[in-house]
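Here's the letter readout for the chains.
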Amino acid sequence: MRIPAYMSVSRHGLFYFRYPIPRGLHPLGTSITVKFSLRTRDFRVALDRSQRLRYVAGLLCQHGTDSRMNYAE
């Protein structure tokens, strides 16, 4: 079982999705990594969810949504 770079496993066996936000899209100019639970311990379910999230995150970063992001809200 090979785990992709955008997935990680907690010590309790839950899968997490990780995605780095580029400096250009962050309002303060710092790079951060978004990480949240996929709410499953099943590898296939986690892989399916994370691939979908990676696709959407890639589209958002590719089209430059920095003008619409508001971290204060």
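Just above sits the structure.
Remember, it's a predicted structure, so these values are computed and weren't measured experimentally. (Residues numbered from 1 in each chain as written. Predicted model: local features only at pLDDT ≥ 70, side-chain atom pairs only at ≥ 80, totals over all residues. Heavy atoms only, no water.)

### Looking at the overall build of the protein
Along the backbone of the protein there are one helix and three strands. Going residue by residue from the N terminus, the α and β elements of the protein occur as β-β-β-α. Across the 73 residues that make up the protein, the buried fraction comes to 23%. Put simply, of all contacts in the protein between residues at least 6 apart along the chain, 48% involve residues at least 24 apart. Split by element, the accessible area of the protein, about 5600 Å² in all, is 52% carbon and sulfur. (Helix = DSSP H or I, 4+ residues; strand = E, 2+ residues; numbered from the N terminus. Buried < 20%, exposed > 50% of the residue type's maximum accessible area, 1.4 Å probe, protein only. Contact = heavy atoms within 4.5 Å. Areas by Shrake-Rupley, 256 points an atom, 1.4 Å probe, with all protein chains shown as cover.)

### Description of helix α1 (residues 43-62)
For α1, with 20 residues, the first-to-last C-alpha span of 28 Å sits near the 28 Å given by 1.5 Å per residue. Of the positions making up α1, those classed as buried are Phe43, Ala46, Ser50 and Ala57. One face of α1 carries all of its buried residues, which in axial projection span an arc of 60 degrees. Opposite the buried face of α1, at more than 90 degrees from it, the exposed residues are Arg44, Arg52, Tyr55 and Gln62. Structurally, α1 contributes buried residues whose contacts are with β1 (7-9) and β2 (15-21). Between the side-chain oxygen of the N-cap and the backbone nitrogen of Arg44 there are 3.4 Å, and the N-cap of α1 in question is Asp42. (Expected span 1.5 Å × (residues − 1). Arc of directions from axis to C-beta. Polar contact = N/O pair within 3.5 Å; in protein donor to acceptor, adjacent residues only side chain to side chain.)

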